[in-house]
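Each chain, letter by letter, is given below.
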Amino acid sequence: MPFTRAEKDQMIARYRELLARSQAVILADYQGLDAMSMYRLRQKIRKSGGVFHVTKNTLLRIALQQAGWTVPEDLLQGPTAAAFCLEDPPVVAKALLEFAEESKILKVKGGLLDGRRLRLEDVKALSELPPRPVVLGQVLGAIQAPAAQLAGVLTAVLQQVVGVLQARADQLKEASQTP
């Protein structure tokens, strides 16, 4: 049963809203997945901070154009589903690729990251990046390391100065006590 114009407009609006909230979109061919597999895949993507939708290519193409994203015409061929990465693209990419490996049916086609096209190899590379909290921890550690080293150096210098002053004070005390 074909969609009405109003239903199509709602789907385009939904895709645009998801694109506005997404840092990346990963496209896949889902043909051959049964309903239970689709359910498990959606759950896995949701736990990873994404949303998985079976899309209409023409409507997704329109939403991409309206959102100002690159339209990967070759990826919008045949049955297409989109994983919208709402939180952390590497985590969603990893979940999708793991599911594709497990199922042997789902085929990742490629995607878009901040509106730029990703090939399958790029999606694989994206999935190997550390999650956002790990990256933030590494950045924080890199920022704190020089400050900690500086504090250590300053503490050592101050301890040396205090040691010299104490030694001099001890010398003066001994000199004043000797008759």
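The structure displayed is predicted, hence computed values, not measured ones.

Q: Now, about the pattern of salt bridges: what can you tell me, with residues and values included?
A: Opposite charge on two side chains allows them to pair when their charged atoms are near. Inspection of every chain in the model, using the stated rule, returns 10 salt bridges. A salt bridge links Glu 102 to Lys 44; the shortest N-O distance between them is 3.4 Å. Here Lys 44 lies in helix α2 (residues 35–47) and Glu 102 lies in helix α4 (residues 89–103), a separation of 58 residues in the sequence. Among the ionic pairs, Glu 121 bridges to Arg 119, the shortest N-O distance being 3.8 Å. The exposure class of Arg 119 is partly exposed, given its relative accessible area of 46%. If you follow the salt bridges from partner to partner, you end up with Arg 14, Glu 17 and Arg 21 in one network.

Q: Tell me about α4, and please be specific about residues and values.
A: Along its 15 residues, α4 runs 21 Å from first to last C-alpha, staying within 8% of the 21 Å computed at 1.5 Å per residue. All of the buried residues in α4 are Pro 89, Pro 90, Val 92, Ala 93, Ala 95, Leu 96, Leu 97, Phe 99, Ala 100 and Ser 103. Phi turns positive one or two residues past the end of α4, at Lys 104, with a value near 65°.

Q: Give me the lowdown on the layout of surface pockets, citing residues and values where you can.
A: One water molecule sets the probe size; rolling that probe over the atoms shows where empty space is left. Reported here for the largest pocket is a volume of approximately 150 Å³. Together, Leu 97, Ala 100, Glu 101, Leu 106, Lys 107, Val 108, Leu 120 and Lys 124 line the largest pocket. Mapped onto the lining of the largest pocket, the elements with two or more residues apiece are α4, β4 (107–113) and α5 (120–127). Per element, the largest residue contribution to the lining of the largest pocket is three residues, and it comes from α4.

Q: Give a detailed account of the nonpolar core, specifying residues and quantitative values.
A: Within the largest apolar cluster, 24 residues are counted, with the highest numbers of intra-cluster contacts made by Ile 26, Leu 41, Phe 52, Leu 96 and Leu 106. Listed by contribution, the elements that provide at least two residues to this core are β1 (24–29), α2, β3 (80–85), α4, β4 and α5. Take this core: its biggest share by element is seven residues, from α4. Ignoring sequence-local partners within four residues, the contact set of Phe 52 consists of Met 38, Leu 41, Arg 42, Ile 45, Ala 81, Ala 82, Ala 83 and Leu 96.

Q: An account of helix α3 (residues 57–67) is requested, with residue identities and associated values reported.
A: Taken together, the buried positions of α3 are Asn 57, Leu 59, Leu 60, Arg 61, Ala 63 and Leu 64. Elements that come into contact with the buried residues of α3 comprise α1 (5–21), β1, β2 (50–55), β3 and β4. The first or second residue beyond α3 is Gly 68, which carries a positive phi of 80°.

Q: I'd like to hear about the packing of α1 against α3, residue by residue, with values.
A: Packing of α1 against α3 leaves a shortest axis separation of 9 Å and a crossing angle of 50°. The angle between α1 and α3 falls in the class oblique. Seen along the crossing, α1 lies across α3 with a hand that is right-handed. When α1 is examined against α3, the residues Lys 8, Met 11, Ile 12, Tyr 15, Arg 16 and Leu 19 are found in contact with a partner set consisting of Leu 59, Leu 60, Ile 62, Ala 63, Leu 64, Gln 66 and Ala 67. Across the contact of α1 with α3, the residue classes break down as 10 nonpolar, one polar and two charged.

Q: Can you lay out the pairing of β3 for me, pointing to particular residues and giving the numbers?
A: Consecutive residues of a regular strand have side chains that alternate between opposite faces of the sheet. Along β3, six of the six residues are buried, which leaves the element largely enclosed by surrounding structure. Residues Thr 80, Ala 82 and Phe 84 point to one face of β3 and Ala 81, Ala 83 and Cys 85 to the other, with burial holding for every one of them. Where β1 and β3 come together, five bridges link them in antiparallel fashion. Following the sheet pairing, Ala 28 is matched in β3 by Ala 81. Taken together, the six bridges between β2 and β3 define a ladder with antiparallel strand orientation. Considered in β3, the bridge of Phe 52 is made with Ala 83.

Cut-offs applied
Residues numbered from 1 in each chain as written. Predicted model: local features only at pLDDT ≥ 70, side-chain atom pairs only at ≥ 80, totals over all residues. Heavy atoms only, no water. Salt bridge = Lys/Arg side-chain N within 4 Å of Asp/Glu carboxyl O. Helix = DSSP H or I, 4+ residues; strand = E, 2+ residues; numbered from the N terminus. Buried < 20%, exposed > 50% of the residue type's maximum accessible area, 1.4 Å probe, protein only. Expected span 1.5 Å × (residues − 1). 1 Å grid on protein atoms, 1.4 Å probe; cavity = no way out; pocket = protein on both sides within 12 Å on 5 of 7 lines; lining within 4 Å. Points joined across faces, edges and corners; volume = space filled by probe spheres on them. Core = buried A, V, L, I, M, F, W, Y, C linked by side-chain atoms within 4.5 Å. Contact = heavy atoms within 4.5 Å. Axes fitted to C-alpha atoms, helices over the stretch in contact; angles between N-to-C directions. Parallel < 35°, antiparallel > 145°, perpendicular 65-115°, else oblique. Left-handed = near helix turned anticlockwise from the far one by under 90°. Nonpolar A, V, L, I, M, F, W, Y, C, P; charged D, E, K, R; others polar. Pairing = 2+ DSSP bridges.

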